[in-house]
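Structure assessment
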Amino acid sequence: MDSLNSLIDGFGTALTPMNLLWAAIGVLLGTAIGVLPGIGPAMAVALLLPVTYGLDPTGAFIMFAGIYYGAMFGGSTTSILLNTPGESAAVVAAIEGNPMAKGGRGAQALAAAAIGHFAGGMIGTILLVVLAPTVASLAIGIGAPDYFAIMVLAFIAVTSVLGASRIRGIASLLIGLTIGLVGLDQMTGQQRLTFGSLQLADGVDVVIVAVGLFAIGEALWVAAHLRRSTGKPIPVGRPWLGRADLKRTWKPWLRGPVIGFPFGAIPAGGAEIPTFLSYVTEKRLSKHRDQFGKGAIEGVAGPEAAASASAAGTLVSMLTLGLPTTAVAAVMLAAFQQYGIQPGPLLFEREPELVWGLIASLFVGMVLLLALNLPLAPVWAKLLRIPRPYLYAGILFFAAVGAYAVGGESLDLVILLIIGLIGFGMRRYGLPVLPAVIGVILGPAAEQQLRRALQISDGSVSGLVNTPFSVTVYAIVMLIVAWPLISRLVLRSRGGRKTAEESRTVGGG
């Protein structure tokens, strides 16, 4: 009840004309910046930090929240329409969203993403209000073995459900893990796969990898085939969700936040793992499994709702523990410290107006995001009317600009092209792109957590399975691995039973 009263007071703060203006500016700026590949929400918030020096803290953080959600949706827009993720959390949206766009259903994919963001953000923020203390206390108890188990689950899940075969999925994952090894060893400081280049010591940025594999690889693949077919504009299609679409999307919109929020709240969270797991879940549960990979709307709705709820989840650890779980949360933590405010258990007591105003502004920002972007879905989709040679030339230009913006190094452009060629090769030989991206994102973190867990247990492998949480996760992993064999045995036994019954019937006849 105290939380509800505090939230009502927060709405009083968030709905003042000036704070409403900052929320609207944040959403618009975030969406515009999110559309540019390579400039995600973390960079957007970081770039705008100096701009907010003259603002009061409440107004500044309300604008940051708008930028965060707006940039996430903007990243999904280019991911769906142009197969060019604006940030790592938007990678999954490209898998089903881009085939939908190519099939003339880009507006529907954008609408499903916009409503998914709205539903995920709303449910996630409600959970933030209700469950913040509980989730924070659970997050403290999660250790290195648990983190490693979660990452193994993500690796196995994503290689098991994507592509024509598991072997190709594992091959793609290994490519990603190899790219993830580039740079300094986080524990020993040794250089790995840097070929003596100091510029590679920091590793290859995940945005460059995602843009290279998706955007450059796709552009090269299309260019290679344009000689055989004319590059006609892609039809936009009708700009609304039909009854059949709503029937297929309402459950993913509700399931996504259940997966996304807890992963956002735990240290090592972020939107990458829950979007992958949401996609896997929707593929397992869908009645239209044959459409996955060809433009299944569930594969857009669920992961986008999970990503938005995860964004709300990241604020749990950041506000209650002062523990940032994502790059955006880290930048926002720096912003708090800039104002002389220290997030932690006492923040809700010392700065109630700021905290509850910020939480209330998340609800306001979600409504503004939906109100601005749902009508704009058909407008964004008209990007697809541009003839493909011009469209992909533009994608190459913006991908190069985004990659250069990440580090300001000309070497980043060379790396982008090399990874683009790898992406082209992967398409040529039927390797799914997503396992490679998840290998780059989670590989270094998985290695660090594995080594940390082994150090704690003095090198004993039993240290990886010494918690109930890790044992539960490994049980799920084993089920995923064994499921094809189990289903085959069940089908064979059913087939054998059916044959026996038929022979009995014939014999009786």
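Residues numbered from 1 in each chain as written. Predicted model: local features only at pLDDT ≥ 70, side-chain atom pairs only at ≥ 80, totals over all residues. Heavy atoms only, no water.

**As for the overall build of the chain**
The criterion, for reference: In DSSP terms, a helix is any run of H or I states spanning at least four residues, a strand is any run of E spanning at least two, and both are numbered starting from the N terminus. A simple rule labels every residue: compare its accessible area, found with a 1.4 Å probe on the protein chains alone, to the largest value its type can have, and call it buried under 20%, exposed over 50%, or partly exposed in between. Residue contacts are defined here by distance: any two heavy atoms, one from each residue, within 4.5 Å place the two residues in contact. Using a 1.4 Å probe, accessible areas were evaluated by the Shrake-Rupley method; residue-level cover was limited to the displayed protein chains.
If you tally the helices and strands in the chain, you get 19 helices and two strands. Buried positions account for 54% of the 509 residues belonging to the chain. Of the contacts formed within the chain by residues at least 6 apart in sequence, a portion of 79% connects residues at least 24 apart. In the form shown here, the chain has an accessible surface area of approximately 21,900 Å², with 67% of it arising from carbon and sulfur atoms.

**Looking at the packing of aromatic side chains**
The relation between two aromatic rings is expressed through the spacing of the ring centres and the mutual angle of the planes. The line we're drawing: Side-chain rings of Phe, Tyr and Trp (the six-membered ring for Trp) are treated as a pair once their centres are within 6.5 Å; stacked means planes under 30 degrees apart, edge-to-face means over 60, and tilted covers the remaining angles. In this scheme, the term charge over a ring applies when either NZ of a lysine or CZ of an arginine sits within 6 Å of the ring centre and within 35 degrees of the ring normal.
In this structure the tally under the stated criterion is three aromatic pairs. A centroid spacing of 5.7 Å and a plane angle of 65° characterise the contact between tyrosine 279 and phenylalanine 292, whose relative ring orientation is edge-to-face. With a gap of 13 residues between them, tyrosine 279 in helix H11 (residues 272-285) and phenylalanine 292 in the loop between H11 and helix H12 (298-321) connect regions that are remote in the sequence. The two residues tyrosine 279 and phenylalanine 292 agree in class, both being buried. The ring of tyrosine 429 is capped by arginine 428, whose NZ or CZ atom sits 4.9 Å from the centre of that ring.

**Examining the packing of helix H4 (residues 57-82) against helix H5 (residues 93-102)**
This is how it is decided: Where helices are involved, their axes are fitted lines through C-alpha atoms of the stretch in contact, as for all axes, and angles between N-to-C directions lie from 0 to 180°. Angle categories: roughly parallel below 35 degrees, roughly antiparallel above 145, roughly perpendicular from 65 to 115, and oblique for all the rest. Basically, the charged four are Asp, Glu, Lys and Arg, the nonpolar ten are Ala, Val, Leu, Ile, Met, Phe, Trp, Tyr, Cys and Pro, and anything else, Gly included, counts as polar.
H5 packs onto H4 with a crossing angle of 50° between their chain directions and a minimal axis gap of 6 Å. Regarding the angle of H4 to H5, the classification is oblique. Where H4 abuts H5, its residues Ser79, Ile80, Leu81 and Leu82 lie against Ala93, Ala94, Gly97, Asn98 and Ala101. Broken down by class, the residue content of the contact of H4 with H5 amounts to six nonpolar, three polar and no charged.

**With respect to H4**
Quick note on the threshold: A helix's residues, less one, multiplied by 1.5 Å, set its expected span.
Given a rise of 1.5 Å per residue, 26 residues ought to cover 38 Å, and the 37 Å separating the end C-alpha atoms of H4 matches this to within 8%. With 25 of 26 residues buried, H4 is to be regarded as a mostly interior element. Phi for asparagine 83, located one or two positions after H4, is positive at around 60°.

**Some details on the environment of glycine 124**
With respect to the secondary-structure elements, glycine 124 resides in helix H6 (residues 106-140). The sequence separation of glycine 124 and serine 310 amounts to 186 residues, and the corresponding C-alpha distance is 7.1 Å. With sequence-adjacent residues up to four places away left out, glycine 124 is seen in contact with Phe261, Ala309 and Ala312.

**Here we look at the nonpolar core**
What tends to happen in soluble globular proteins is that the nonpolar side chains get buried as a cluster. For the record, the criterion: For the purposes of this section, nonpolar cores are sets of buried Ala, Val, Leu, Ile, Met, Phe, Trp, Tyr and Cys residues that join through side-chain atoms within 4.5 Å.
Core analysis: the biggest nonpolar cluster contains 129 residues, and Phe61, Ile80, Val204, Leu213, Leu319, Phe336 and Ile359 have the highest contact counts within it. If one sorts the elements of this core by residue count, H4 sits on top with 13 residues. Among all residues touching phenylalanine 61, those that are not within four sequence positions of it are Met332, Ala335, Phe336, Tyr339, Leu354 and Leu358.

**Concerning the pattern of salt bridges**
Rules: Salt bridges, as used here, are contacts in which a Lys or Arg side-chain nitrogen is within 4 Å of a carboxyl oxygen on Asp or Glu.
Under the definition given, this model contains five salt bridges. Between arginine 255 and glutamate 282 there is a salt bridge, with the nearest N and O atoms lying 2.8 Å from each other. In this pair, arginine 255 is assigned in helix H10 (residues 243-265) and glutamate 282 in helix H11, connecting sequence segments 27 residues apart. Residue arginine 255 is classed as partly exposed on the basis of its relative accessible area, which comes to 26%. Measuring nitrogen to oxygen at the nearest pair gives 2.9 Å for the salt bridge that ties arginine 451 to glutamate 447. Taken together, the residues span about one helical turn, with arginine 451 and glutamate 447 both in helix H18 (residues 434-456) at a distance of four residues.

**Description of the confidence of the model for the chain**
To keep it simple, the criterion reads: The quantity called pLDDT is the predictor's confidence in a given residue, expressed from 0 to 100.
Of the residues in the chain, 81% reach a pLDDT of 70 or more, and the chain-wide mean stands at 77. The secondary-structure element of the chain with the lowest mean pLDDT is helix H3 (residues 41-48), recorded at 64, while helix H17 (residues 410-428) shows the highest, at 87.

**Digging into a nonpolar patch on the surface**
The criterion, for reference: Note on patches: the residues involved have over 30% relative accessible area and no salt bridge, like charges join within 9 Å, and the nonpolar side chains Val, Leu, Ile, Met, Phe, Trp and Tyr join within 5 Å.
On the surface, Leu479, Trp483, Ile486 and Val490 cluster together into a nonpolar patch covering about 340 Å² of accessible area. Owing to a relative accessible area of 35%, isoleucine 486 belongs among the partly exposed residues under this scheme.

**Focus: the packing of H10 against H11**
Heads up, the condition is: Crossing handedness: left-handed means the near helix sits turned counterclockwise from the far one by under a right angle, and right-handed means the same turn made clockwise.
Between H10 and H11, whose axes approach to 9 Å, the crossing angle comes to 145°. The two elements H10 and H11 meet at a crossing, and its hand is right-handed. In this structure, H10 uses Pro252, Arg255, Gly256, Ile259, Gly260 and Phe263 to contact H11, whose residues at the interface are Ile273, Pro274, Leu277, Ser278, Thr281, Glu282 and Leu285. Tallied by class, residues from the contact of H10 with H11 come to seven nonpolar, four polar and two charged.

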